Structure formats: structure tokens, C-alpha cells
Amino acid sequence: MTLHLSHLHNKKNLLAFSAGVDSTALFFLLLEENISFDIAIVNYNVRAQAKEEVLYAQELALRYSKTCFVKEVVVDTANFEKNARDVRYQYFEKLISNHSYDNLITAHQLNDKLEWFLMQFTKGAGLIELLGLTTYVDKEYYSLIRPLLDCSKEELENYLKRIK
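Now for a look at the structure at hand. No experiment lies behind these values; they were computed from the predicted model shown.

## Brief notes about the packing of helix α1 (residues 21-32) against helix α6 (residues 153-163)
- Close contact between α1 and α6 brings their axes to 9 Å; oriented N to C, the two are set at 60 degrees. The pairing of α1 with α6 is recorded here as oblique in orientation. Remark: the crossing between α1 and α6 carries left-handed chirality. Residues V21, D22, T24, A25, F28, L29 and E32 of α1 form the contact with α6, whose participating residues are K153, L156, E157, Y159, L160 and I163.
- Looking at side-chain class alone, the contact of α1 with α6 contains 8 nonpolar, 1 polar and 4 charged residues.

What follows is the structure, given as C-alpha cells:
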């Protein structure tokens, strides 16, 4: 697996956590690399298992001495994905500002990158939009890091099986 972690060492990092395969694998990969981080999870109160995912995030944080930030929210269902993304990133940016994090780490992986490319391609997007998901993005007061962009979902699933 190729990971892009160089920007994370000796920094204050916040991991966007969902309790899914991607963010759980990234959680343990960051631990293995001795990278300091806390986690943040958003519960949109849409799916029954969301409360279990928040509990899982809190249990992991407690077990590994991480701070776990939780936001409970109800999002307008009209254009849910966009509204959820806006709420999520506004929340992350507020945490970054309030707690002086240097980096926001997301668990986007190769399959997400391919999906993004196809979605933009079918919309007739230009080259900049087609290449939209990059490993490192400088924001105004933090950096967005996607260290798993060269890892497939299958690799992440295999990793989680291997570490049990």
C-alpha cells in the first residue's frame, strides 16, 4: 500500500471519521506510523446504525487516547449529499480553527478518485475538475490531506482483516 503521510508527522491532525472501512483502516495506519491525531464524526440521524458508528468512534478514541468530536445534526434531504458535505466540512473547519489543527485528514481512496473522475467526466468537466481529488490541498488556515488516494478499497479491507 502506498501512503502519503509525510505532511502529518509532528503536526496537529484531525481525522474525519465515519466508522467505515476507509476511515477505520486509516485510523489504524496512522497509529502504526505514530502520527498524532484526533477524530471527528458527524451523525446525520438518517440511518439506524449511525448511533452505533458514533459509539464505535468514541470507543476507539477512548482505547487509544484520542479526542473524539461528535456532531449530531439533521440535514435537509433535498440534495442530501451536498448538504451533508457542507455541514461536515463547516464542522471540521470550526474544530480546526477552535483547536488549532494543522491538517484535516480524510480517508478518500482510489475508488473514490475513480468515481470522482467519472462523475466529472460525464458532466463535461475540464482537466482541473477531472483531477480534483489530490493528496495535498493547501486551504486558508489548514491543509487537507488524503493519504489513501493510491490505495484501493480492497487493499484497505485486506489490511483490516490482517490486523483483525
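## Notes on the pairing of strand β1 (residues 13-16)
- Of the two faces of β1, the one carrying N13 and L15 and the one carrying L14 and A16 are both buried.
- Judged from the 3 bridges that link them, β1 and strand β4 (residues 103-105) form a sheet pairing that is parallel. The partner of L14 across the bridge, within β4, is L104.
- Sheet topology places β1 next to strand β2 (residues 38-43); 3 bridges connect them, and they run parallel. Counterpart to L15 in the pairing with β2 is I39.

## Here's the deal with the environment of R85
- By secondary structure assignment, the location of R85 is in helix α3 (residues 80-99).
- Classification of R85 as partly exposed rests on a relative accessible area of 38%.
- Spatially, the C-alpha atom of R85 lies 10.0 Å from that of V75, the residues being 10 residues apart in sequence.

## Digging into helix α2 (residues 50-63)
- A rise of 1.5 Å per residue sets the reference length of α2, with its 14 residues, at 20 Å; its end C-alpha atoms lie 20 Å apart and thus fit the reference within 8%.
- Residues of α2 that are buried: A50, E53, V54, A57, L60 and A61. All buried residues of α2 lie within an arc of 125 degrees about the axis, which places them on one face of the element. Pointing more than 90 degrees away from the buried face of α2 are the exposed residues K51, E52, L62 and R63.
- Looking one or two places after α2, you find S65, whose phi comes out positive at around 55 degrees.

## Focus on the nonpolar core
- Counting residues in each nonpolar core, the largest one holds 27 residues, and the members touching the most others are L15, F17, F27, L30 and I39.
- Those elements that place two or more of their residues in this core are α1, β2, α2 and α6.
- Element by element, the count of residues in this core is highest for α1, at 6 residues.
- Grouped together as the second largest cluster of nonpolar side chains are 18 residues, V75, A84, I96 and L104 included.

Reading the values: the criteria
- Residues numbered from 1 in each chain as written.
- Predicted model: local features only at pLDDT ≥ 70, side-chain atom pairs only at ≥ 80, totals over all residues.
- Heavy atoms only, no water.
- Axes fitted to C-alpha atoms, helices over the stretch in contact; angles between N-to-C directions.
- Helix = DSSP H or I, 4+ residues; strand = E, 2+ residues; numbered from the N terminus.
- Parallel < 35°, antiparallel > 145°, perpendicular 65-115°, else oblique.
- Left-handed = near helix turned anticlockwise from the far one by under 90°.
- Contact = heavy atoms within 4.5 Å.
- Nonpolar A, V, L, I, M, F, W, Y, C, P; charged D, E, K, R; others polar.
- Buried < 20%, exposed > 50% of the residue type's maximum accessible area, 1.4 Å probe, protein only.
- Pairing = 2+ DSSP bridges.
- Expected span 1.5 Å × (residues − 1).
- Arc of directions from axis to C-beta.
- Core = buried A, V, L, I, M, F, W, Y, C linked by side-chain atoms within 4.5 Å.

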